[in-house]
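So you can see what is in the structure, the chains are spelled out below.
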Amino acid sequence: MDLVFMLDSSAFTGSGYWTTMLGYVADLVNQLTIGDTATRVGVVTFADVATNQILLNSYSDKTALVNAIKSLPLINTQTINIYAALQAMRTVQFTAASGDRPDVPSVAVLITGGASTVYASQALREAQLAHRAGISVYSVGISGSVRVNELKMIASHPHLQLHQWWASPDFNAGLENVINSISEEICRPTLELYCRHTEFGGYQCFCPLDVCDTLPVNGTQCVDVNECAVNNGGCSQICNNLDGSFTCSCRRGFTLSPDGRTCEDVNECLSKPCAAGMSCVNIYGSYFCINEKDSEIPSN
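Attention in this report is confined to the structure presented alongside it. Here the structure is a predicted model, which is why all the values come from computation and not from measurement. Residue numbers run consecutively from 1 along every chain, following the written order of its sequence. Reporting of local features is limited, given that this is a predicted model, to residues whose pLDDT is at least 70; pairs of side-chain atoms are given and counted only at 80 or more, and all residues count toward the totals for whole chains, interfaces and linings. Values reported for side chains reflect all heavy atoms of the structure, with hydrogen atoms and water molecules removed beforehand.

1. Here we look at the state of the cysteines
The term disulfide refers to a covalent linkage connecting the sulfur atoms of a pair of cysteines.
Line of reasoning, step 1. Two cysteine sulfur atoms make up a disulfide if the distance between them is within 2.5 Å. Tallied over the full model, the rule gives five disulfides.
Line of reasoning, step 2. Note on cysteine connectivity: cysteine 228 is disulfide-linked to cysteine 239, with sulfurs 1.9 Å apart. Across the S-S bond linking cysteine 228 and cysteine 239, the dihedral sits near -80 degrees, which makes this disulfide left-handed. With a gap of eleven residues between them, cysteine 228 in the loop between strand 10 (213–216) and strand 11 (238–242) and cysteine 239 in strand 11 connect regions that are remote in the sequence. Each helix is a run of DSSP H or I of at least 4 residues and each strand a run of E of at least 2, with the numbering of both proceeding from the N terminus.

Here is the structure:
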């Protein structure tokens, strides 16, 4: 597989915990077979900006790779820009120029010491783009300042805790178990596109018999996860649950913003909906027309 780590290098992590985080990541890498025809590893560090510290094709020797990970510098600024990390991962790491291979699984692991302090909505949109690109994204939040819904929506479908996302109270309480759990998840065999962990049935694999017939090979059934049931799916107005996914939409008078979740007021007056002699007044979610003569102030 092609595996990219996105590591929070802000002041929220701190120098002491930064060393601990790098040690755990290095331990996970030590469990893998590293090489040009095996697992390749890239690393993005982020705080106010994101930096591609190690590209997928930078190291084919495990010892050199582990030493490079342990030597990564701490940025130590007060900003957590998860959006920049996700974008760097998707648009730089997972490209042919950086060593991405189209015939192996693409996996990304985000480890953050807090919630996004900038561009939070853009981060969720960038995560969606990564999902659509076929990148399996796992997220880990450390400390009480993380935002659980952010971790969940950044992680890949079906967004299950302890399978696609994890939360640990601090770097000393259970992070080692989290890293071991991630190792188990990312190393599962990829048998078909229909193999995945489901909320009620555990890890299931499905055999496509023909265009219209798919059979669960272990005799179990898939149950759709209703993302709209939790925090309205992150949608500001209407959440539409779909088979295996969901979308956000807006009520009349609003339009969906680029982040795919929030709704913005439509200025209907720009389309000049009022009759001649009438003035248009835009209001939140609607508009009304007034007679220009009625609005004139009579002179004494």
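That was the structure; now back to the text.
2. Side note on the pairing of strand 15 (residues 278–283)
Line of reasoning, step 1. Here strand 15 pairs with strand 16 (residues 286–291) via six bridges, running antiparallel. Bridging across to strand 16, serine 279 finds its partner in isoleucine 290.
Line of reasoning, step 2. Whether two strands pair depends on DSSP finding at least two bridges between them. The turn joining strand 15 and strand 16, which pair antiparallel and follow one another in sequence, is formed by two residues; a positive phi near 85 degrees is taken by glycine 285.

3. A look at the environment of asparagine 282
Line of reasoning, step 1. By secondary structure assignment, the location of asparagine 282 is in strand 15.
Line of reasoning, step 2. With twelve residues separating them along the chain, asparagine 282 and leucine 270 place their C-alpha atoms 9.1 Å apart.
Line of reasoning, step 3. In this analysis, two residues are considered to be in contact whenever any of their non-hydrogen atoms come within 4.5 Å of each other. With near-sequence residues (within four places) excluded, asparagine 282 lies in contact with Asp265, Val266, Asn267, Glu268, Cys269 and Tyr287.
Line of reasoning, step 4. The definition of a polar contact used here is a pair of N or O atoms within 3.5 Å, where within protein one atom must be able to donate a hydrogen and the other to accept one, and adjacent residues in sequence count solely through side-chain atom pairs. At 3.0 Å, the side chain of asparagine 282 and the side chain of aspartate 265 are in polar contact.

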